[in-house]
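Close look at the chain arrangement
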Amino acid sequence: MDFWSRLIGGSRSLSTKTYRASSPTERLTAFKRTCNTLQQIWRSTNSPSGDQSATTHARNCIDRLNSVLSDESRGPAPHPCLAYAASSQIFVTVTKLALSSYDDGMLRSATVFFNTLIDSEVDGVVDNRLFARALVDLVRRADKHSEDVEGRLVELLFGVANNIRLQPDILPAWFAPRSEDQDREQQTNTGAEFAGATRKDDFPLFYLLVEYVHHGGRAGDFARTGLLYLIETASRSKNLERWLIESDLATLMATGLGALYSQLGSLSFDATSDEKMPHIVALSDHAKQETALPPALGATVDSFMSYLLFWQDTIDHCKSAEVNGTLLDHFQVLFLEQLLYPSLLESSDVEGGSTAAVLTYLYRILESINQDDLVHRILHFLLASPSDMETSPTLKVNMSVSRRKSLDVLAAFSEEAAKPSPSLFNLRDLALLGLQSANRQTVLATLRLMAVILQRHHTFARSLIRTVPGQYAGQRTVGQLNAELEQLTEMATSIVEDPTLNDSFEDYLKDASLILESHLYIPPAETGLEDDRPLEIRQEDPIVQELLNCVETFFTNSVIVNLALTEVLMSIASSHLISLDSWLLVDPSKYVYDDQTTAQDGPMEILDQIKLAYQEPSLSSSETPTLTSALQKLVQKIQQWRKDVPDFDILVAARRDLLHHDDPAKDTGRLQQPFEASTRLPSERRPLKMPLDSDIGSPRGRSSLVQDLPGTPASRQAAVGSPLRGSSLRSPDSRESSSPRMTAAEELRKRLSKPFQVDHPHKATMAGEEPEPAADAIVEEEAESAIADEEPRSATLGHVLTNVVILYEFLLEVSATVQARSTLFGEAGYPGVGWSAPLDEELM
């Protein structure tokens, strides 16, 4: 102990101003003295951890070195201390002392020392193999029980990776691959063939980053970014590119993603208070059921999605086509084929089953990523579309030997696994079963999955919705288009008489135009398409039939299901690959004119053609498109209710006004934003002002427009004069007597909660009359049992009113999309004088 006391005392006799001296010579002298002290501490004992005073003194010396280096690095050249640190290799001593002390403070000081040297860009440091070994030993062997220490150590690895990215010539100091002769010798001795072998000794920095790539916090962020930098460097180093292909990088990344996916369990739902629940959900009959609650996606989903986004970033940053191809090959075989697809295939749709969960997770995957190659692999495989390799086998000839070996091994592994193929049962088949399910949670998850595919990855629309080959969309005249638009808007105006209809339609038209324009800039992703012109939907397609069946039960559906359903239908209508003919609009060849006009010969022929183009045909009921027919039946039911319920118009207008005054958007967390978006009316689905490079049509790209909705001005509120608005907005301190109003409001609430037979409305629900006790009990019992069923046969009056408002907004949205398509896609015009003439001024 006396020795250490004298040594510590001697070191303390060095005045502070000695190592903070301003001249380079004095600074270097003080720096050398401190380095010698560290060397003496290390030589004097092999275990400083047993002596706290030695550890403290060593840490103080390293802090002193850090102070000198920090002062010098901020000043002008020369930097003699930094150069001496590199030539004396003091970093080796610092590593030994830090590892033997088992002290967090010592490790923190050591990380600052190494970080300063890395940032100094002095020759003989980052390009020095001895420095590389010292830093790797420090990170690999340090006791990282502290999250702060762990983050600091991984930050060192990130700093080195960043230097390699900026200066690829320093790579040999950190990367020493075996030669081809050594590889062949090892394979001969071990009998092992190419299988993505682990080669930690070749590139220890790389494997250290891989170890932390799954972590959260600073360590995970630094590791993922550092690994991206190293992969990016592969495009400038053939040796590194070959090593990445032949190493187990792709295997580790794919199995790591699979491990995180395997930890995802079934969906759970947390109860939502009435104050936090959106009005459109709270005012429905299913407010407390799982279809109306956001899934509780916990930390496991967050970790999986973070790693999936890291995959996306890796493919984006890697400039080497060979490395990218290897990564995508492993992603498909080890994750898609061996894990994701089997989980979809083996899921169960019984109560408490996993079908809704796996569909929800797939929805979250496709909603989050936008990397074309990843999306291409996922959807081409799950939808059983031919891959590029299958359609162009000659591409393999141009691959490197390493890549061909990697493909051969993966192919053999896939054959040995003997997993089922999507060619027998693909994502389309699963979607059909999901729509046919008796479980509303499965139906909702299926609709959301279809919506995200059709919106964000709409180039796969024909793989999901069957079309008729060669049956391209016909072109209609201005008069034919006007007749179609008049029919659609008349259906909407027959539901709600809105004085601000023109403003509402203009807003929808702007939204539709932005979405359609964004689709035109993306080429089709399906292989072998001869033409990207829109094709007619195959009417007998089972998925189309199931969507129409959902439309038929629109008023008794859950409002969340209806919002997802209308989103799917609008996504189909917005696809530039799918025609509206015979599905939403009449086939142009089947229009009927009451008075056929024949163009005259001579100079008036063109004028006659223009006049004929404006002539509106008669829309025959026998040629009504399938979706339009289903919508007309819904509107006819509303017309009947208007006759049976005298104040039905007032109730609908009041409910629409109330829904448009929903609570402000709440911060529900990144993973629950899609649910929040799914609880919005069609009028709130898409922002009116959106740049073309934004996430158009995706749940992440939406924003609430409650304050901008055209249906909520004060004039219309006053005109409505509904008891619902009066009871909810008037102050209890009003001059008028509050008792009659409170009584009226209570009676209205009771009335809205009464069962409403959709097919045959009960007399008690019509004019607010009190029913006979026996009849009322029977109706309430039927409604309660129906609501408990998976698909209720009846609903309350308030629930029906909410769905009526959703239908009205949907009809306006459809009408605007039809008009926008006619202009942008050239689907209407003047025959003989050009189909692409502007139609905005002539329509409506």
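Going by the annotation in an unreviewed UniProt entry, the name recorded for the protein is Retinoic acid induced 16-like protein, with Aspergillus oryzae given as the source organism. In its Sequence similarities (unreviewed entry) section, the UniProt record describing the protein reads: "Belongs to the FHIP family."

1. Focus: the overall build of the protein
Within the protein, the secondary structure is distributed over 37 helices and six strands. Buried positions account for 54% of the 844 residues belonging to the protein. A separation threshold of at least 6 residues defines the contact pool for the protein, and within that pool the share at least 24 residues apart is 80%. On the protein, roughly 36,800 Å² of surface is accessible, and the fraction owed to carbon and sulfur atoms is 49%.

2. A look at unusual backbone geometry
Positive phi values are uncommon outside glycine, yet Gln 89 reaches one of about 60°. Topologically, Gln 89 is positioned in the loop between α5 (80-88) and α6 (90-101). Classification of Gln 89 as partly exposed rests on a relative accessible area of 32%. Positive phi, close to 55°, is recorded for Tyr 102, a residue that is not glycine.

3. Some points on the packing of helix α14 (residues 249-262) against helix α16 (residues 299-317)
Closest axis-to-axis distance for the α14/α16 pair is 9 Å, and the angle between their directions is 155°. Relative to α16, the element α14 lies roughly antiparallel. Between α14 and α16 the crossing geometry is left-handed. For the pair α14 and α16, the contacting residues are Leu 252, Met 253, Ala 254, Gly 256, Leu 257, Leu 260 and Tyr 261 in the first and Ser 303, Phe 304, Tyr 307, Leu 308, Phe 310, Trp 311 and Thr 314 in the second.

4. Brief notes about helix α22 (residues 427-436)
Burial analysis of α22 places seven of its 10 residues in the buried class, which makes it a mostly covered element. Residue Asn 426 occupies the N-cap position of α22, its side-chain oxygen lying 2.9 Å from the main-chain nitrogen of Arg 428.

5. Topic: the pattern of salt bridges
Scanning the entire structure with this criterion turns up 19 salt bridges. Across the pair Glu 155 and Arg 218 runs a salt bridge whose closest N-O atoms are separated by 3.0 Å. In this pair, Glu 155 sits in helix α9 (residues 147-166) while Arg 218 sits in helix α12 (residues 217-233), placing the two residues 63 residues apart along the sequence. Residue Glu 155 is classed as partly exposed on the basis of its relative accessible area, which comes to 23%. Measuring nitrogen to oxygen at the nearest pair gives 2.9 Å for the salt bridge that ties Asp 221 to Arg 224. Of the two residues, Asp 221 and Arg 224 are both situated in helix α12; the distance of three residues between them amounts to about one turn of the helix. By relative accessible area, Arg 224 is classed as buried at 15%.

6. Points about the environment of Phe 31
Within the secondary structure, Phe 31 is located in helix α3 (residues 24-44). Judged by its relative accessible area of 0%, Phe 31 is buried. Residues Phe 31 and Ala 85, 54 residues apart in the sequence, show an inter-C-alpha distance of 8.9 Å. The residues contacting Phe 31, other than those within four sequence positions of it, are Leu 65, Val 68, Leu 69, Cys 81, Tyr 84 and Ala 85.

7. Concerning a negative patch on the surface
Among the surface-exposed residues, Asp 313, Asp 316, Asp 372 and Asp 373 lie close enough to one another that they form a single negatively charged patch. Contributions of two or more residues to the negative patch are made by α16 and α19 (372-382). Along the polypeptide, Asp 373 turns up in helix α19. Given a relative accessible area of 36%, Asp 373 falls into the partly exposed group.

8. Some remarks on the packing of α22 against helix α27 (residues 542-552)
Interaxial distance between α22 and α27 falls to 10 Å at its minimum, and their mutual angle equals 25°. With respect to each other, α22 and α27 are oriented roughly parallel. The way α22 lies across α27 gives a crossing that is left-handed. Residues Arg 428, Ala 431, Leu 432, Leu 435 and Gln 436 of α22 form the contact with α27, whose own contacting residues are Pro 542, Ile 543, Glu 546 and Leu 547. Considering only residue class, the contact of α22 with α27 consists of six nonpolar, one polar and two charged.

9. Looking at the environment of Phe 810
Inspection of the secondary structure puts Phe 810 in helix α37 (residues 797-824). In this structure, Phe 810 is in contact with Thr 566, Leu 569, Met 570, Leu 631 and Pro 682, ignoring residues within four places of it in sequence.

10. What about helix α31 (residues 648-659)?
Across its 12 residues, α31 extends 17 Å between first and last C-alpha, which sits within 8% of the 16 Å expected from 1.5 Å per residue. Turning to α31, its buried residues number three or more, namely Phe 648, Leu 651, Val 652, Ala 653, Ala 654, Arg 655, Arg 656, Asp 657, Leu 658 and Leu 659.

11. Considerations on the packing of aromatic side chains
For any pair of aromatic rings, geometry is given as the distance between the ring centres together with the angle between the planes. The tally for this structure, following the rule as stated, stands at 25 aromatic pairs. A centroid spacing of 5.1 Å and a plane angle of 90° characterise the contact between Phe 91 and Phe 131, whose relative ring orientation is edge-to-face. You can see Phe 91 sitting in helix α6 and its partner Phe 131 sitting in helix α8 (residues 129-141), a full 40 residues away along the chain. Across the pair, exposure class does not vary: Phe 91 and Phe 131 are buried alike. The interplanar angle of 55° and the centroid separation of 5.2 Å between the aromatic rings of Trp 311 and Phe 331 together place this pair among those described as tilted. Pair noted here: Trp 311 is in helix α16 and Phe 331 is in helix α17 (residues 321-345), with a separation of 20 residues, a long-range link.

12. Re the side chain of Glu 241
Mapped onto the secondary structure, Glu 241 falls in helix α13 (residues 238-246). With sequence-adjacent residues up to four places away left out, Glu 241 is seen in contact with Ala 234, Ser 320, Glu 322 and Val 323.

13. Quick notes on the environment of Leu 464
Looking at where Leu 464 falls in the secondary structure, it is placed in helix α24 (residues 461-464). The class of Leu 464 is buried, set by a relative accessible area of 1%. When the C-alpha positions of Leu 464 and Met 450 are compared, they lie 8.1 Å apart, and in sequence the two are 14 residues distant. Dropping the residues within four chain positions of it, Leu 464 is found in contact with Leu 383, Arg 428, Met 450, Ile 453, Leu 454, Asp 541 and Ile 543.

14. Side note on the confidence of the model for the protein
Averaged over every residue, the pLDDT of the protein is 77; residues scoring 70 or more account for 70%. In this model, residues 686-737 is a region of pLDDT below 50 whose contacts with residues beyond four sequence positions or in other chains number 106 contacts.

15. With respect to the state of the cysteines
Under the defined criterion, the tally for this structure stands at zero disulfides. For Cys 35, which is in no disulfide, the shortest distance to another cysteine sulfur is to Cys 81 and amounts to 8.3 Å. A residue is classified by how much of its surface remains accessible, and Cys 35, at 3% relative accessible area, is buried.

About the criteria used
- Residues numbered from 1 in each chain as written.
- Predicted model: local features only at pLDDT ≥ 70, side-chain atom pairs only at ≥ 80, totals over all residues.
- Heavy atoms only, no water.
- UniProt positions renumbered as here; feature names shortened; annotations may be inferred.
- Helix = DSSP H or I, 4+ residues; strand = E, 2+ residues; numbered from the N terminus.
- Buried < 20%, exposed > 50% of the residue type's maximum accessible area, 1.4 Å probe, protein only.
- Contact = heavy atoms within 4.5 Å.
- Areas by Shrake-Rupley, 256 points an atom, 1.4 Å probe, with all protein chains shown as cover.
- Axes fitted to C-alpha atoms, helices over the stretch in contact; angles between N-to-C directions.
- Parallel < 35°, antiparallel > 145°, perpendicular 65-115°, else oblique.
- Left-handed = near helix turned anticlockwise from the far one by under 90°.
- Polar contact = N/O pair within 3.5 Å; in protein donor to acceptor, adjacent residues only side chain to side chain.
- Salt bridge = Lys/Arg side-chain N within 4 Å of Asp/Glu carboxyl O.
- Patch = residues over 30% accessible without salt bridge, like charges linked within 9 Å, V, L, I, M, F, W, Y side chains within 5 Å.
- Lys, Arg positive; Asp, Glu negative; His and termini not counted.
- Charge placed at Lys NZ, Arg CZ, Asp CG, Glu CD.
- Nonpolar A, V, L, I, M, F, W, Y, C, P; charged D, E, K, R; others polar.
- Expected span 1.5 Å × (residues − 1).
- Phe/Tyr/Trp six-rings, centres within 6.5 Å; stacked < 30°, edge-to-face > 60°.
- pLDDT = per-residue confidence, 0-100.
- Disulfide = S-S within 2.5 Å.

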